[in-house]
Amino acid sequence: MGETTKRVIAGFTIGGFVILLLNSLHFLYGLHALLFILIIAFLGIDEYYRMTDRGINGRPIRFLGFIFAFLFIFSYYTEFLYESRNILTMNETFLKFITTYQEIKNPIIPILVLFLISAKTYSMMFRPLDGNMYNSMSTITGVLYIALPMAIILPMLVLVEGIFVFVYTALATIMTDVGAYFAGRWFGKHNAGLKVSPKKTWEGYYGGVIFANLFNLAFIYGWLYFHPNISQQSLTVIPSYIESIILTFIFSLVSIFGDLVESAIKRDAKVKDSSSIIPGHGGILDLIDAMLFTFPLGYFYFYIKIKFFL
């Protein structure tokens, strides 16, 4: 079986599983969505820590990374529950807990500060002085790079038209990669000249941007066609066609940058793929690298738009 076939099969399998999750988003308080995000984040962090492990010259503090990755993701999960409180039936004590937690100005900040202190303290007390800075910084960077962007999916899903926002952002990212892959293979002649990813071509990048735009325009049309009685509030959130062209163009550029960031990490680690867990793709990071940049951008764009216009 060829690599392209494996890539397509793996993509459709993962896509089908995500669709099932979205269709049962509030089942069992969204615990299945939380578990899925935790698994993806932990596998991604594990790959990152293995690629950045330099042995006696410095290595990430793995257990601290996983503990604080869970805390960051759980923090956003409480926001998911809080925004879903009118849909879910919750114990009064638990509801009071998540309400109080959401009243903290920004729960992520104290967790981050505690993470910084814990990583530096453990590194100074239990690791050699050589590589001390690298120990703590690689630990922290792995979590901020992977766990926080994955965690932000949870509050994204409970925005007004949250499922649309999630799918729209994901499609802009995925179709940029798909378009670039095939355009590069079929039409690629002019090398983009990037040291971090020397095989990429300008034709591939152009193809990715164009394909993502066409696909997202079709997605908006299809969403509106199959939701003819959509509310005016929801229509305000969904981008116009002109807005979508501009927004998807930005998403595509950010997606390309995210892919290059992971390419730089792999090149530094001297590996081709972050792992071999996904046939045709490589590792978890090879699959989600661009989304780690586009999901936060998509969330904040639509969050600001909702707050401003609704």
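Shown above is the structure to which this text applies.
Not measured: the values here are computed from a predicted model. (Residues numbered from 1 in each chain as written. Predicted model: local features only at pLDDT ≥ 70, side-chain atom pairs only at ≥ 80, totals over all residues. Heavy atoms only, no water.)

Thoughts on the overall build of the protein
Phase 1 of the analysis: Scanning the protein from terminus to terminus reveals 13 helices and zero strands.
Phase 2 of the analysis: For the protein, whose C-alpha radius of gyration is 20 Å, the value lies close to the compact-globule estimate of 19 Å for 310 residues.
Phase 3 of the analysis: Long-range pairs, those at least 24 residues apart, make up 75% of the contacts in the protein between residues at least 6 apart in sequence.
Phase 4 of the analysis: Only carbon and sulfur atoms are counted for the fraction: they give 70% of the accessible area of the protein, which is about 16400 Å². (Helix = DSSP H or I, 4+ residues; strand = E, 2+ residues; numbered from the N terminus. Rg over C-alpha atoms; globule rule 2.2 N^0.38 Å. Contact = heavy atoms within 4.5 Å. Areas by Shrake-Rupley, 256 points an atom, 1.4 Å probe, with all protein chains shown as cover.)

Comments concerning helix H6 (residues 132-151)
Phase 1 of the analysis: Spanning 20 residues, H6 covers 28 Å between terminal C-alpha atoms, matching the ideal 28 Å at 1.5 Å per step.
Phase 2 of the analysis: For H6, the principal kink sits at Leu-144 and spans about 30 degrees.
Phase 3 of the analysis: The element H6 is largely enclosed, with a buried count of 15 among its 20 residues. (Expected span 1.5 Å × (residues − 1). Bend = angle between axes of the 7 residues up to and from the residue. Buried < 20%, exposed > 50% of the residue type's maximum accessible area, 1.4 Å probe, protein only.)

Let's talk about the layout of surface pockets
Phase 1 of the analysis: Estimated volume of the second largest pocket: approximately 710 Å³.
Phase 2 of the analysis: Mapped by element, the contributors of at least two residues to the lining of the second largest pocket are helix H3 (62-83), helix H4 (92-102), helix H5 (108-126), H6 and helix H13 (291-309).
Phase 3 of the analysis: If you tally residues by element for the lining of the second largest pocket, the top one is H13, at six residues.
Phase 4 of the analysis: Broken down by class, the residue content of the lining of the second largest pocket amounts to 20 nonpolar, four polar and four charged. (1 Å grid on protein atoms, 1.4 Å probe; cavity = no way out; pocket = protein on both sides within 12 Å on 5 of 7 lines; lining within 4 Å. Points joined across faces, edges and corners; volume = space filled by probe spheres on them. Nonpolar A, V, L, I, M, F, W, Y, C, P; charged D, E, K, R; others polar.)

What to know about the side chain of Thr-78
Phase 1 of the analysis: Within the fold, Thr-78 resides in helix H3.
Phase 2 of the analysis: We classify Thr-78 as buried; its relative accessible area is 1%.
Phase 3 of the analysis: A distance of 2.5 Å separates a polar side-chain atom of Thr-78 from the backbone oxygen of Ser-75.
Phase 4 of the analysis: Apart from residues lying up to four places away in sequence, Thr-78 is in contact with Ile-98, Tyr-101 and Gln-102. (Polar contact = N/O pair within 3.5 Å; in protein donor to acceptor, adjacent residues only side chain to side chain.)

Focus on the environment of His-227
Phase 1 of the analysis: Following the sequence through the fold, His-227 ends up in the loop between helix H9 (202-226) and helix H10 (232-237).
Phase 2 of the analysis: Along the backbone, His-227 and Leu-214 are 13 residues apart, and their C-alpha atoms lie at a distance of 20 Å.
Phase 3 of the analysis: At 2.7 Å, the side chain of His-227 and the backbone oxygen of Trp-223 are in polar contact.

Quick look at the pattern of salt bridges
Phase 1 of the analysis: Scanning the entire structure with this criterion turns up eight salt bridges.
Phase 2 of the analysis: With a closest N to O distance of 3.0 Å, Asp-268 and Arg-54 form a salt bridge. Of this pair, Asp-268 sits in helix H11 (residues 241-269) while Arg-54 sits in the loop between helix H2 (31-51) and H3, and the two are 214 residues apart along the sequence.
Phase 3 of the analysis: Notably, a salt bridge pairs Lys-305 with Glu-243, separated by 3.0 Å at the nearest N-O pair. Here Lys-305, found in helix H13, pairs with Glu-243, found in helix H11; they are 62 residues apart in sequence, far enough to count as distant.
Phase 4 of the analysis: Each of the salt bridges in this network shares a partner with another, and the network as a whole consists of Asp-46, Arg-50 and Arg-62. (Salt bridge = Lys/Arg side-chain N within 4 Å of Asp/Glu carboxyl O.)

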